[in-house]
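# Breakdown of the fold
So the chains spell out like this:
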Amino acid sequence: MEIWINPACSKCRSALSLLDAEGAEYTVRRYLEDVPSEDEIRGVLDRLNLEPWDITRTGEAEAEELGLKEWARDAGSRERWISALARHPKLIQRPIITAEDGTAVVARTDEAVRDALSR
């Protein structure tokens, strides 16, 4: 499994601690440094079964600057959102764990981390 993290994020550190406590094997991706491509974001969205606006941190300053709260949330706007996430990775919700079974979870709670571990 792989976990996308921002080391400054307490939810990310908590998820890593739980993964370590459970003895999980995983790869860390510091997604602010190793920025996911648009294709990688599409792949994770498919695994999450979510849309890009579902994993966008709309409270960030960059989101305000882009006016994301005003963007349409429909099929026609999907690529625009994905492009914004690739250009501004800070807007991606974290942490995201890609599970062994090909799914993924936004692991902001211990329950979500355990869910990923059980897959």
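Residues numbered from 1 in each chain as written. Predicted model: local features only at pLDDT ≥ 70, side-chain atom pairs only at ≥ 80, totals over all residues. Heavy atoms only, no water.

To characterise two packed helices, one gives the angle between the axes of the helices and the distance between these axes. Interaxial distance between helix α2 (residues 38–48) and helix α4 (residues 78–87) falls to 9 Å at its minimum, and their mutual angle equals 115°. Helix-helix and strand crossings are classified by hand; for α2 and α4 the assignment is right-handed. Facing α2, whose interface residues are Glu-38, Ile-41, Arg-42, Leu-45 and Asp-46, α4 presents Arg-78, Glu-79, Ile-82, Ser-83, Leu-85 and Ala-86. Among the residues making up the contact of α2 with α4, the classes are represented as five nonpolar, one polar and five charged. (Axes fitted to C-alpha atoms, helices over the stretch in contact; angles between N-to-C directions. Helix = DSSP H or I, 4+ residues; strand = E, 2+ residues; numbered from the N terminus. Left-handed = near helix turned anticlockwise from the far one by under 90°. Contact = heavy atoms within 4.5 Å. Nonpolar A, V, L, I, M, F, W, Y, C, P; charged D, E, K, R; others polar.)

Attention now moves to the environment of Ala-99. Within the element layout of this structure, Ala-99 appears in the loop between β3 (96–98) and β4 (104–106). Relative accessible area serves as the criterion here: at 4%, Ala-99 is assigned to the buried category. Excluding its chain neighbours within four sequence positions, the residues that come into contact with Ala-99 are Met-1, Arg-47, Ala-104, Ala-116 and Arg-119. (Buried < 20%, exposed > 50% of the residue type's maximum accessible area, 1.4 Å probe, protein only.)

Before going further, it helps to examine the packing of aromatic side chains. One pass over the full model with this rule turns up three aromatic pairs. A centroid spacing of 5.9 Å and a plane angle of 70° characterise the contact between Trp-53 and Trp-81, whose relative ring orientation is edge-to-face. With Trp-53 in the loop between α2 and α3 (61–66) and Trp-81 in helix α4, this pair connects stretches of sequence that are 28 residues apart. The same class applies to Trp-53 as to Trp-81, namely buried. Taken together, a centroid distance of 5.4 Å and an interplanar angle of 80° make the contact between Trp-71 and Trp-81 edge-to-face. (Phe/Tyr/Trp six-rings, centres within 6.5 Å; stacked < 30°, edge-to-face > 60°.)

Under the counting rule described, the total for this entry stands at 10 salt bridges. Residue Arg-42 is joined to Glu-79 by a salt bridge in which the shortest nitrogen-to-oxygen separation is 2.5 Å. Taken together, the residues Arg-42 in helix α2 and Glu-79 in helix α4 connect sequence positions 37 residues apart. Among the residues examined, Glu-79 registers a relative accessible area of 37% and is labelled partly exposed. The salt bridge partner of Glu-60 is Lys-90, with a shortest N-O separation of 3.9 Å. Taken together, the positions of Glu-60 in the loop between α2 and α3 and Lys-90 in the loop between α4 and β3 put the pair 30 residues apart, joining distant regions of the chain. Looking at Lys-90, the relative accessible area reads 37%, which means it is partly exposed. One network of salt bridges, in which partners are shared, links Glu-38, Asp-39, Arg-42 and Glu-79. (Salt bridge = Lys/Arg side-chain N within 4 Å of Asp/Glu carboxyl O.)

Any functional reading would require information that these geometric values do not contain.
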